[in-house]
Structures are given as C-alpha cells and as structure tokens.
Amino acid sequence: MHSVKEKVSNAASAAKAHVESYKANVEEKAEKATARTQEEKDIAHQRRKAKEAEAKMNLHMEKAEHSAEKLHGKHHVLGHDPVTGVYGGHHQTHVGTVGQTTVPAHQQTYGAVDPVTGATVPTYPPGHLHGHKHL
C-alpha cells in the first residue's frame, strides 16, 4: 500500500515539476521578447535554467520525503513516539512529588541534574559502563 502511495505521490510531484518548468519556459520567452540587448536575453535564459533547476531540486526533495514516509510506515517501533522521537513518549511522576515530572535517565541530557535526588547524570553514554569495553 505504501509503495502505491509513494508512486502516486512521486507522479504528482513530477507533474508539478513539469508545470514549473513549462512556466519558466514561457516566462523566458516573454522576457526575451521584451529584451533590448543580448545581455538581457542571456539573463532571461539563465533565470529559466535556475527555475528549472529549482523545480528539479524540489522534485527530488519531495521524492525523498515520500521515501521517508514509506520507510517510517514500515518501521514503527512499539513504544516509540514518532512526534517527540522518545521511547515511552511520556514523563514519569514519582509518588510524593506534586507538579514535578522527571525524565528517565536514558532520556536525560548528559551532565543533567536529576530534580528529585539532586544527583548528576553520568556524562558517559548510557548503556556503556565506564571502564568496560563490552557488556
């Protein structure tokens, strides 16, 4: 299903790029018709080339987005919140803390201070014990 959606989206993006290229071509002809010197005609030609290149760039960007959407749809991870990019997707609240939320150690920034205990989180990456090569 995602492949069909990706193909249809890519076709729509290609059609949009062709329309933008056609518009650039028409604008170039209009500018060349009103141009008085060869330099003005050359400038009109360069503008068309730039607009066509921009249309192709937009096409490739949209195709990359469509591929990413397809890939994201295939690789949904249980418990992973795609909006925040965090596993679990919520903050845990300890009993006895009113209005305070804490973030699990694996979600805290390095060198951060835990608001409940006041202890600092280790600066080495989580899951790697300091001084050990392999776990």
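Only a predicted model underlies this, so the values are computations on that prediction, with no experimental measurement involved.

**Student:** Would you explain the overall build of the protein chain in this entry?
**Tutor:** When you go through the protein chain residue by residue, the secondary structure sums to two helices and two strands. Counting from the amino terminus, helix and strand elements in the protein chain follow one another as α-α-β-β. Taken over 135 residues, the protein chain has a buried fraction of 16%. Counting only contacts in the protein chain whose residues sit at least 6 apart along the sequence, the fraction spanning at least 24 positions is 30%. For the protein chain, the exposed area adds up to about 10700 Å²; of that, 59% sits on carbon and sulfur atoms.

**Student:** Any chance you could explain empty space enclosed by the protein here in plain terms?
**Tutor:** Gaps left between atoms show up when a probe the size of a water molecule is rolled over them. In total, this model carries one cavity of 30 Å³ or more according to the counting rule given. Taken as a whole, the largest cavity encloses approximately 30 Å³ of empty space. Every residue along the wall of the largest cavity is listed here: S13, K16, A17, E20, A55, N58, L59 and E62.

**Student:** Before we go on, may I ask you to explain the environment of A53 in this structure?
**Tutor:** Assignment of secondary structure puts A53 in helix α2 (residues 38-74). Between the C-alpha atoms of A53 and S21, which are 32 residues apart in sequence, the distance is 8.7 Å.

**Student:** How should I be thinking about the environment of K5 in this particular structure?
**Tutor:** As for its placement among the helices and strands, K5 is situated in helix α1 (residues 2-34). Taking relative accessible area as the criterion, K5 reaches 51% and is therefore assigned exposed. Here the alpha-carbon distance between K5 and K70, two residues 65 residues apart in the chain, equals 8.4 Å.

**Student:** Can you help me understand the pattern of salt bridges in this one?
**Tutor:** Where charged atoms of side chains with opposite charge meet at close range, the side chains can pair. Counted under the stated rule, the structure contains seven salt bridges. Residue E6 is joined to K70 by a salt bridge in which the shortest nitrogen-to-oxygen separation is 3.5 Å. In this pair, E6 sits in helix α1 while K70 sits in helix α2, placing the two residues 64 residues apart along the sequence. On the accessibility criterion, E6 (14% relative accessible area) is buried. For K16, the salt bridge is made with E62, and the minimal N-O distance between the two is 3.1 Å. Taken as a pair, K16 in helix α1 and E62 in helix α2 lie far apart in primary sequence, 46 residues in all. Exposure remark for E62: the relative accessible area of 19% places this residue in the buried category. What emerges from the salt-bridge pattern is a single network uniting E28, K32, R48 and E52.

**Student:** Looking at this model, I keep getting lost on the environment of N10. Mind explaining?
**Tutor:** With respect to the secondary-structure elements, N10 resides in helix α1. Judged by its relative accessible area of 17%, N10 falls in the buried class. Between the alpha carbons of N10 and L59 there is a distance of 8.1 Å; along the sequence they are 49 residues apart. When sequence neighbours within four positions are dropped, the list of residues in contact with N10 reads L59, K63 and H66. Separated by 2.7 Å, the side chains of N10 and H66 make a polar contact.

What counts and what doesn't
- Residues numbered from 1 in each chain as written.
- Predicted model: local features only at pLDDT ≥ 70, side-chain atom pairs only at ≥ 80, totals over all residues.
- Heavy atoms only, no water.
- Helix = DSSP H or I, 4+ residues; strand = E, 2+ residues; numbered from the N terminus.
- Buried < 20%, exposed > 50% of the residue type's maximum accessible area, 1.4 Å probe, protein only.
- Contact = heavy atoms within 4.5 Å.
- Areas by Shrake-Rupley, 256 points an atom, 1.4 Å probe, with all protein chains shown as cover.
- 1 Å grid on protein atoms, 1.4 Å probe; cavity = no way out; pocket = protein on both sides within 12 Å on 5 of 7 lines; lining within 4 Å.
- Points joined across faces, edges and corners; volume = space filled by probe spheres on them.
- Salt bridge = Lys/Arg side-chain N within 4 Å of Asp/Glu carboxyl O.
- Polar contact = N/O pair within 3.5 Å; in protein donor to acceptor, adjacent residues only side chain to side chain.

Everything listed is a geometric property; what it means functionally is a separate question.
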